[in-house]
Amino acid sequence: NSVSKLNMEYFNIYEALNNTIENLYISIPSLDVANNALRKSSLVTSIENMTGLKIYGDISTNDEKSILDKDFYSKDKLFEKLVYNIKEIENDINKNKIDDKSNKEDNIKKIESLLAIYNIFLEDNSYRELLEYIKDDNNLSQEVIDDIYQKALITSVSKLEKFRKCPFSYYINYILKLKENKEFEITSLDSGSFMHNVLDDFSTYLQKNNIAWQMILDDGKVLNEKYKNVLKDIILNELDVILKKQKESVKYEILKQKFINTMQNVVQIIAISFNQSEFKPYGYEIEFKDKSVFLPITLKIDDNHEMKIIGKIDRADILNYKDKSYVRIVDYKSSDKTLDIDKIKEGISLQLVTYLKAFIDNLNENENNGNEKKYLPAGMLYFNLSDRLVTLSDYTQDEDIIKSKVIEKLRMKGIFLKDVTILEMMDKKLGDTKERLIDISKSTVESSIKNGKKTKKALDEEEFNNLLEMSQDILIKLGKEVLTGNVKINPYKKEETCKYCKYSSICRKNSIV
């Protein structure tokens, strides 16, 4: 069986280590057949721990050897160590260590050796290009800027957020439009996009057939069998489009069942949330673009330029209360995401606040009530569309715990209006810590109001409107900076912006070369 095979592999490794007399060579694949980097096997870590050695690619060593140490190197590894040693000398010069008399003779010997190796690499065109490489991230010329943008900057909030996180990444992605090499691979499935499409199709089905979300539940709690089948058909149709050639595979069957179970949970929670709310859906996939109900969001950058922002709201809900209408917008995300006021102010989380303001402005303008604002902000929220709702290895038989964990995972998170009356109409079970479906408690809001303390989860009407107005100023500021031609390699430092960037091989921000 698989356990005995694994044990035999361990035994063979143990035998190889024990039979080593002088040298042990360990080969580790660094790339797969598609030229993708491979992660180091856990076995390598085990061997490192047993031997006290560190394994670096094709070199096994127990410390960072100097380039002068007698050893064998591949050409690439020698080049890497050359650059490493040059940078060490550069650091020593900056710290005035290079003139240290006690190490002067060693430093001279090291520099002479490095110079000899450096000259060898200069004779190789491929390495000479690397050695002579100069990072040039100066601003684009005005002529180039005018050619790219002309009179209008047509963009999206996500593009502006990308610019804020790193102007160079924005430049490579959206101006030069460089793409990664296409690889031959079996069609994969983006689960987030897949579930988003399924939910959009199901919502459209309800809207076209004039079916309220509350009507798809039995006893207000469980998804009706009829709508389970409707949902299942939508899932199968989507899967057939994406994985048609893999329909007979075990993987297909597993994915099918996983998505059916997950989406039934998601749809059921959304239906329950409407069942315990006075808010009604206004629309789905509401777009801001030319020839649409809502035109692009247009902001004046300067006397000669304007910025047009196109985008889409996943869902907008409205509560009519007394003589006002309260708006909440909901964005479906495939990861567990929260909305942070500080990140809004820093320009890296602007989507929801931008769309909420634009949506409210459009509705108020259409009402044409002069300076009176009928439509007011009630919330901007994320709904988690994860296919990993709960890890319940210890509680698989306990339905109550499963239910509470699913609810906790699927609660809508974001920024709310600090008004207990409106929040209780948004979720009639606001005071129930187990059943509420918005991620803010009644006690938190009441305490904030009573003690006059601010909370980042809830804003009063004035604070909310100020945040909406501030977002416009931030967008205009970003638009102006884009039009200066800024392409600096300047990643946002409060997040691991570079960690997953696909352009790191171009900017070489964290590269040894």
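Higher on the page you've got the structure.
Peer 1: I keep staring at the overall build of the protein chain and nothing clicks. Help me out?
Peer 2: In terms of regular secondary structure, the protein chain is built from 18 helices and 12 strands. For the protein chain, long-range pairs separated by at least 24 residues make up 70% of all intrachain contacts whose partners lie at least 6 apart in sequence. Roughly 31300 Å² of accessible area belongs to the protein chain as shown, and the carbon and sulfur atoms make up 48% of that amount.

Peer 1: Teacher, can you tell me more about the packing of aromatic side chains here?
Peer 2: Aromatic rings considered in pairs are described by the distance between their centres and by the relative angle of their planes. For the structure on display, the rule yields 15 aromatic pairs. Within the aromatic cluster, the residues linked to one another by ring pairs are Tyr282, Phe288, Phe294, Tyr355 and Phe359. One cation-aromatic arrangement involves Lys258 over Phe259; the distance from NZ or CZ to the ring centre is 5.4 Å. Seen from the ring of Phe279, Arg328 lies directly overhead, with NZ or CZ sitting 5.0 Å from the centre.

Peer 1: Whenever I open this one, the environment of Cys166 confuses me. Can you help?
Peer 2: In this fold, Cys166 is placed in the loop between helix H7 (157-165) and helix H8 (167-175). Among the residues examined, Cys166 registers a relative accessible area of 10% and is labelled buried. Here the alpha-carbon distance between Cys166 and Tyr492, two residues 326 residues apart in the chain, equals 6.3 Å. Those residues in contact with Cys166 that lie beyond four places of it in its chain are Lys488, Asn490 and Pro491.

Peer 1: Explanation requested: the nonpolar core in the structure shown.
Peer 2: Ranked by size, the top nonpolar core spans 112 residues in total, and within it Phe202, Trp213, Ile216, Phe359, Met380 and Phe383 carry the most contacts. Top contributing element to this core by residue count: helix H11 (residues 250-275), with 12 residues. Beyond its immediate chain neighbours, meaning those up to four positions away, Phe359 contacts Tyr282, Ile286, Phe288, Phe294, Ile313, Ala316, Ile318 and Val327. Membership of the second largest hydrophobic core comes to 9 residues, among which are Phe79, Val83, Ile117 and Phe121.

Peer 1: Explanation requested: the packing of H7 against helix H17 (residues 461-482) in the structure shown.
Peer 2: Packed helix pairs are characterised by how far apart their axes lie and by the angle those axes make with each other. In the contact formed by H7 and H17, the axes pass within 10 Å of each other and the chain directions differ by 70°. In terms of axis orientation, H7 runs roughly perpendicular to H17. The crossing of H7 and H17 is left-handed. Here Leu160, Phe163 and Arg164 of H7 come into contact with H17, specifically with Leu475, Leu478, Glu481 and Val482. Among the residues making up the contact of H7 with H17, the classes are represented as 5 nonpolar, no polar and 2 charged.

Rules behind the numbers
- Residues numbered from 1 in each chain as written.
- Predicted model: local features only at pLDDT ≥ 70, side-chain atom pairs only at ≥ 80, totals over all residues.
- Heavy atoms only, no water.
- Helix = DSSP H or I, 4+ residues; strand = E, 2+ residues; numbered from the N terminus.
- Contact = heavy atoms within 4.5 Å.
- Areas by Shrake-Rupley, 256 points an atom, 1.4 Å probe, with all protein chains shown as cover.
- Phe/Tyr/Trp six-rings, centres within 6.5 Å; stacked < 30°, edge-to-face > 60°.
- Lys NZ or Arg CZ within 6 Å of the ring centre and 35° of its normal.
- Buried < 20%, exposed > 50% of the residue type's maximum accessible area, 1.4 Å probe, protein only.
- Core = buried A, V, L, I, M, F, W, Y, C linked by side-chain atoms within 4.5 Å.
- Axes fitted to C-alpha atoms, helices over the stretch in contact; angles between N-to-C directions.
- Parallel < 35°, antiparallel > 145°, perpendicular 65-115°, else oblique.
- Left-handed = near helix turned anticlockwise from the far one by under 90°.
- Nonpolar A, V, L, I, M, F, W, Y, C, P; charged D, E, K, R; others polar.

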